[in-house]
Amino acid sequence: MSEQQQPPTGPLVVVTGMTGAGRSTAAKELEDLGYYVVDNLPPSLLRDVVRLVDESQGAGQPIAVVVDVRSGSFFGSLQANLAQKATGRRATLVFLEATDDVLVRRQEAARRPHPLQGSGRLLDGLERERVVLADLRGEADLVIDTTALNVHQLTGRIREAFGSPDSTDLRIRVVSFGFKYGIPVDADYLADMRFLPNPHWIPELRPHTGRDQEVSEYVLSQPGAAEFLDGYLPVLTGVAEGYLREGKRFMRVAIGCTGGKHRSVAMTEEVTRRLVELGLQATATHRDLGRE
């Protein structure tokens, strides 16, 4: 008699990160997407939760667990529990973060002390938390910087990442930005377009953006632009293949220029277009467009 085929298992998403960075918002969106959500779970209980959900809901039920700094003493065992042999599921680790000033403002608005501040300041608690979570951030499959995101934008990012839980395709987000507004801290790869002439100094191009044809044609026709694309695309596709082999599902590429209006936008659109032509699932976003 042939061996009975095992039912497919649903995804397992572990959400962690800094206090005030949006873990509760992410958990609520995952719940709306059909995930069975467990908040503030000690990682040592992860296998038990998966087993109980498998028994009660079926192995195909998506599961999301939220792990915060209150479970700090358990973090050493988290990676072992996330291993597929421990849970029987493919796990994705999501790390949410933001700058200290934004986290302080959010915590003060909520009138909540930081769980690690003790008798000190909020900043003291945040510093301790970053130390505790440093290794987890380095191991994360998806890092989301929520500094400039509102609730709706964060839920959109979660929905974009996990709205189709059966998909195993690598999802590449290519984002343009302006260096004068800061480098995206959650980027996996970063490219600097300031080696190209700036359309800002051409009066007829200045009011337009890199999404407009005249600016795009100008940027892409400059010396070095074609060489950059011809060299950078094989790097990205090679990394994408490696990410898939390692089971990673998210890749974030940041392309910058001075203000995030012309050169980086045009290159982001072109890089995304070429990645899609190669059969990859890529989307373009423009972080700083319209800020000037």
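No experiment lies behind these values; they were computed from the predicted model shown. (Residues numbered from 1 in each chain as written. Predicted model: local features only at pLDDT ≥ 70, side-chain atom pairs only at ≥ 80, totals over all residues. Heavy atoms only, no water.)

Student: What is the right way to read the sheet that holds strand β2 (residues 36-38) from this model?
Tutor: By definition, the strands of a sheet pair up through backbone hydrogen bonds, in either a parallel or an antiparallel sense. Taken together, five strands build an open sheet; the order of strands is β2-β3-β1-β4-β5 and the sheet is parallel. Both outer strands of the open sheet, β2 and β5 (142-145), are each paired with one neighbouring strand and no more. Averaged over neighbouring strand pairs, the angle between their axes works out to 20° when direction is ignored. Here four bridges tie strand β4 (residues 91-97) to β5, and the two strands are oriented parallel to one another. The residue bridging Val94 from the neighbouring strand is Leu142, located in β5. Contacts between helix α1 (residues 23-32) and the sheet are confined to β1 (12-17), β2, β3 (63-66) and β4, with β1 contributing the most and set at about 165° to the helix. (Pairing = 2+ DSSP bridges. Helix = DSSP H or I, 4+ residues; strand = E, 2+ residues; numbered from the N terminus. Axes fitted to C-alpha atoms, helices over the stretch in contact; angles between N-to-C directions. Contact = heavy atoms within 4.5 Å.)

Student: Looking at this model, I keep getting lost on the UniProt feature "binding site: ATP" (unreviewed entry) in the protein chain. Mind explaining?
Tutor: Sequence positions flagged by UniProt for "binding site: ATP" (unreviewed entry) are, in local numbering, Gly17, Met18, Thr19, Gly20, Ala21, Gly22, Arg23 and Ser24. The residue Gly20 is located in the loop between β1 and α1 in this model. When its relative accessible area of 24% is taken as the criterion, Gly20 is described as partly exposed. Those residues within four positions of Gly20 in sequence are excluded, and the remaining contacts are Leu103, Arg106 and Gln107. The residue Ser24 is located in helix α1 in this model. Classification of Ser24 by relative accessible area gives exposed; the value is 57%. (UniProt positions renumbered as here; feature names shortened; annotations may be inferred. Buried < 20%, exposed > 50% of the residue type's maximum accessible area, 1.4 Å probe, protein only.)

Student: Just to check I follow, could you spell out helix α5 (residues 100-110) for this structure?
Tutor: Residues spaced three or four apart along an α-helix face the same direction, because each turn holds 3.6 residues. Listed as buried for α5 are Val102, Leu103, Val104 and Gln107. Packed against the buried residues of α5 are α6 (122-139).

Student: Could you clarify how one ought to interpret the pattern of salt bridges in this entry?
Tutor: When the charged atoms of two side chains with opposite charge come close together, those side chains can pair. Taken as a whole and judged by the stated rule, the model has 19 salt bridges. The shortest N-O distance in the salt bridge between Glu29 and Arg159 comes to 3.3 Å. Of the two residues, Glu29 is situated in helix α1 and Arg159 in helix α7 (residues 151-162); the sequence distance between them amounts to 130 residues. Sharing partners across several salt bridges, the network here consists of Asp230, Glu270, Arg273, Arg274 and Glu277. (Salt bridge = Lys/Arg side-chain N within 4 Å of Asp/Glu carboxyl O.)

Student: Even after reading the chapter, I still don't get the sheet that holds strand β7 (residues 189-192), so can you show me in this structure?
Tutor: Spatially, β7-β8-β6-β9 is the arrangement adopted by the four strands of the open sheet, whose pairing is parallel. Strands with a single pairing partner mark the edges of an open sheet, and in this sheet they are β7 and β9 (281-286). When strand polarity is set aside, the average angle formed by the axes of neighbouring strands in this sheet is 20°. The sheet contact formed by strand β6 (residues 171-178) and β9 spans six bridges and is parallel. Each residue of the ladder has a partner; that of Ser176, found in β9, is His286. Strand contacts of α7: β6, β8 (250-257) and β9, with the helix running at about 150° to β6, the strand carrying the most contacts. Contacts from helix α10 (residues 263-277) reach β6, β8 and β9 within the one sheet, and its direction differs from that of β9 by about 170°.

Student: What is the right way to read the nonpolar core from this model?
Tutor: Across soluble globular proteins, you tend to see nonpolar side chains buried next to one another. Membership of the largest hydrophobic core comes to 43 residues, with the highest contact counts inside it found for Val13, Leu30, Leu96 and Phe162. In this structure Leu96 touches Val15, Thr16, Gly17, Met18, Ala21, Gly22, Arg23, Ala26, Ile144 and Leu154, once residues within four positions along its chain are discounted. Residues Ile172, Ala191, Val219 and Cys257 belong to the second largest nonpolar core, which totals 29 residues. (Core = buried A, V, L, I, M, F, W, Y, C linked by side-chain atoms within 4.5 Å.)

Student: Sorry if this is basic, but what is going on with the pairing of β6 here?
Tutor: As a general feature of sheets, a regular strand has side chains that alternate between the two faces. Within β6, eight of the eight residues are buried, which leaves it mostly tucked inside the rest of the structure. Pairing between β6 and β8: eight bridges, direction parallel. Following the sheet pairing, Val175 is matched in β8 by Ala254.

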